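Notes for the structure review
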Amino acid sequence: MAAVRARGVRKRFGDVVALDGVDLDVGEGQVHGLLGPNGAGKTTLLGMLLGLSAPDAGTLELLGRPVRRGSPVPDGVAGFVDGPGLYPQLTARQNLAAVADLRGRERTGVGAALEEVGLADVADDRVRGFSLGMRQRLGLASALLLRPRVLVLDEPANGLDPAGARQVQSVLARLALRGVAVVVSSHRMDDVAALCDEVTVLAGGRPVFAGPIEKLAAESGELEHRLRTSDTDAARRVAVAAPGVRVLHGDPARRPDATALVVRASAPALEGLVARLVQAGVAVREVSPVVAPLEAAFLALTEGQDDDDPASAGPDAEEAR
Amino acid sequence: MSAAVAGPPALTRPAPALRGYRFELLKLTAQWRTRVLLLVCAVGPAVFVAAVSRQSTLPTDTVFGRWMGQTGWAGSLVVLSFCCSWVLPLLTSLVAGDVFAVEDRLGTWRHLLTVVRSPGRLFATKALAAATVLAVLAVALAASSVVGGLAAVGSHPLVGLDGHLLAPGAAARTVLLAWAAVLAPTCAFAAVGLLGSVALGRSPMGLLLPALLALLLQLVQLLPLPVAVRVALPGYAFVAWRGLFTSPAQTGPLLLGVGVSLGWAVVATALARHLFVRRDFTDVASDGSGGRVLLRAVLPLAAVLAATVAAVAATGPATGPGVGRAQLQSSLATSYAHLYRLQTRELARPDVTEAQLRTSATCDKGGELVADTGPGNDWRCVVSWHIPGATAVGSAVYQLDVTADGRYVADGDGPQAVNGFFLVRTASGDAPNPIWQFDGLVDLLAPTPKG
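Residues numbered from 1 in each chain as written. Chains lettered and ligands numbered in written order. Predicted model: local features only at pLDDT ≥ 70, side-chain atom pairs only at ≥ 80, totals over all residues.

On to the overall build of chain A. Each helix and strand counted, chain A has 11 helices and 15 strands in total. In terms of overall dimensions, chain A has C-alpha extents of about 70 × 45 × 35 Å along its principal axes. Here chain A holds 321 residues, and the buried ones make up 47% of them. Here the contacts in chain A between residues at least 6 apart in sequence split such that 70% fall between residues at least 24 apart. (Helix = DSSP H or I, 4+ residues; strand = E, 2+ residues; numbered from the N terminus. Buried ≥ 20, exposed ≤ 12 C-beta atoms within 10 Å, placed from the backbone. Contact = placed C-beta atoms within 7 Å.)

Written out as structure tokens, the structure reads:
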């Protein structure tokens, strides 16, 4: 039985279609990523999972119980959307104690929850003075306090430094090991790659991809790579002649770099290029993706229409085939 | 792994109401604004009353102000009068007018709803917490003003608004009853504050709604409106408590005012709840505000006002502005008799009774060309009374400034021997001459005589 099961979920706000035919399956112990550009409908879907609204059409089941208008989500579902929702005039401990009280939990779990997210030493400080990352971790602690069976988190790593992000990842991974179903939205592909078993990509309220993370990475097809070699000019000549390889002007997101060559190629074509460079006596010092595969797949899925438009071709337009 | 999901059937329980209420109270009392308000309400009136009571110049333009130097109970009533004009509506703005909007500002609605899990219960706990804080602030105002007055002047008899003397015990009871009576209009303003907070979200208009309503009602109260409109306004009980200080008490206007206030409180709260539980909290573009929402909030209240005016007009005995010559003459004669008797006692003359005095008054407004009805400062009255043991009839002239809410100030205009001196010499020293200038109150709901 799936902890979260949605079929054909639709939601409108006036004339705006926020969700249109969304399916979602999250099993117990699974971490499911929700990806999409701003306005894709992620927050609306997460809000539904937390009982903030009900679908206009379609079905939604949480922990085996149908969720409809007027029937709140079952106990065992916790999390936050659109920020962790904390009261700045209260201390971290007071914020969590209130949540424990309201949900009929013992306050004794407050200390452990703060410890788990690394905020035990600031438990009695007012949240007013907390950084964004500390607030995010406190929001996570608030959800952990409820011992959730389904955990719903909207951008939990937002504002976290690398150490904080790693701590959150490890907490979520531990929860998943305990059998908790985690649904998490994120803009950070490294978080998604590190955490998620499966992802759903939304664009304009519609799902454009759903499946294992590896499959999403494979969706990326041709990727752009940066090559550093012992002889850039010679490498360029070899690349232009190589099958399946396109040489680009450079990476528009970076400063011009005369010592690097940027090519677009599939993985086999790239391997062939490296072999040809070696045969031509050009030493290959570095081969790195300009855009990570997941990010490339995300961009390809969510900006597909723009990519098909020739007018949108930018400075990375191909130089030669 | 499967143990996590295959546990007992998942229940759906909203947060317990008492815990929700405690949390809302914690949030309110953790705000520096609430703490400052509590401090000011607990200390301010005591300091004000203690300081003013010792001054030689007293705030005679405020009802009971002229008696602040004579009894500690008067100071509390001066504070009450000022609170009814500004302080209580402002407090409802700052507490109830912000109790929902603050969640919009902090972006905590979604969190709160996922924890409480019942918008209806959340609304109830917030409304109750705001009402509790407002009640505590009102109690602090009352207690502080009483303590300040009693500490500075002491507990002495209080002169009522018809000149009769309230013994300290009766004065204490009536002062506390007056403070209790104004809780009803405070509830009405608080409910309007809740409605503004829900309907207007982050907009400052939501916060200011009770204060703006109070300002509007103050302006309206200055107009010579028909009495049916006046008593149907939600803030009428803010002035009607004065009726408690006549004998017999003018309970009709007060009960009507309290009833109207409670009606407004119920309707405005129900409207606020209706809007709140239907709000879609996943629509990030909406904070609940909007013209349509405002319309749904304002139109029903306007309908309530119209229905109340119609009901009072149809059933009430009074017509017109409520201030007529007959009511004024009756009120003035009664007040004068009580105050004359008080003066007699202060001057250690043989006691007289009101019955012996057989006081009467004849009033005229603005001469022959002006109708003898309605508020104005051009009322001129002649008071006559029988002096016990003598055949002569005493008379005195008073210039009356009558306001639209029924209160008047009678200013002695001769003869000098009766009302020309503002002090009288008593056995314990100089005291205000009670018939030099005095306050009175016309019962606006008293039947208007025909002809």
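We now examine the overall build of chain B. Broken down by element type, chain B carries 16 helices and 9 strands. Counting only C-alpha atoms and orienting by the principal axes, one finds that chain B spans roughly 105 × 50 × 35 Å. For chain B, contacts bridging at least 24 residues in sequence account for 73% of all contacts bridging at least 6.

So, about the pairing of strand S9 (residues 198-203) of chain A. Residue and element names in this part refer to chain A. Burial runs high along S9: 5 of the 6 residues are buried. Of the pairings in the sheet, the one linking strand S3 (residues 31-35) to S9 comprises 4 bridges and is parallel in character. In the strand pairing of S9, leucine 35 is matched with valine 201. By the bridge criterion, 6 bridges tie S9 to strand S10 (residues 206-212) in an arrangement that is antiparallel. When the bridges of S10 are listed, threonine 200 appears paired with alanine 210. (Pairing = 2+ DSSP bridges.)

A word on the environment of glutamate 222 of chain A. All names here are of chain A. Mapping glutamate 222 onto the fold places it in the loop between helix H7 (213-218) and strand S11 (223-229). With 36 residues separating them along the chain, glutamate 222 and serine 186 place their C-alpha atoms 24 Å apart. With near-sequence residues (within four places) excluded, glutamate 222 lies in contact with Arg264, Ala265 and Ser266.

The partner chain B presents 34 residues to the 37 residues of chain A that form the contact. Counting only elements with at least two residues in the side of chain A that touches chain B, the list comes to helix H1 (42-49) and helix H2 (92-102) of chain A. Residues that form the side of chain A that touches chain B fall into these classes: 17 nonpolar, 12 polar and 8 charged. (Nonpolar A, V, L, I, M, F, W, Y, C, P; charged D, E, K, R; others polar.)

This part takes up unusual backbone geometry. In this structure, the amide linkage connecting serine 247 of chain B to the following residue, proline 248 of chain B, adopts the cis form with an omega of 0 degrees. As for its position among the elements, proline 248 of chain B is in the loop between helix H11 (237-240) and helix H12 (251-277). Cis peptide bonds are those with omega within 30 degrees of zero, and the linkage from glycine 414 of chain B to proline 415 of chain B qualifies with 0 degrees. Mapped onto the elements, proline 415 of chain B comes out in the loop between strand S6 (407-412) and helix H16 (416-419). Positive phi values are uncommon outside glycine, yet arginine 147 of chain A reaches one of about 45 degrees. Its 17 C-beta neighbours within 10 Å are what place arginine 147 of chain A among the partly exposed residues. Positive phi, close to 70 degrees, is recorded for arginine 117 of chain B, a residue that is not glycine. Residue position: arginine 117 of chain B is located in the loop between helix H5 (109-116) and helix H6 (119-152).

Between two packed helices, the angle of one axis relative to the other and the distance separating the axes together describe the packing. Residue and element names in this part refer to chain B. Across the interface, helix H3 (residues 72-95) lies against helix H9 (residues 204-222) with an axial gap of 7 Å and an inter-helix angle of 155 degrees. The angle between H3 and H9 falls in the class roughly antiparallel. Note that H3 runs across H9; the crossing there is right-handed. On the side of H3, the interface is formed by Ser85, Pro89, Leu90, Thr92 and Ser93, while H9 contributes Leu207, Leu208, Pro210, Ala211, Ala214 and Gln218. Of the residues belonging to the contact of H3 with H9, the class tally is 7 nonpolar, 4 polar and no charged. (Axes fitted to C-alpha atoms, helices over the stretch in contact; angles between N-to-C directions. Parallel < 35°, antiparallel > 145°, perpendicular 65-115°, else oblique. Left-handed = near helix turned anticlockwise from the far one by under 90°.)

Read these as layout, nothing more, since geometry by itself doesn't imply function.
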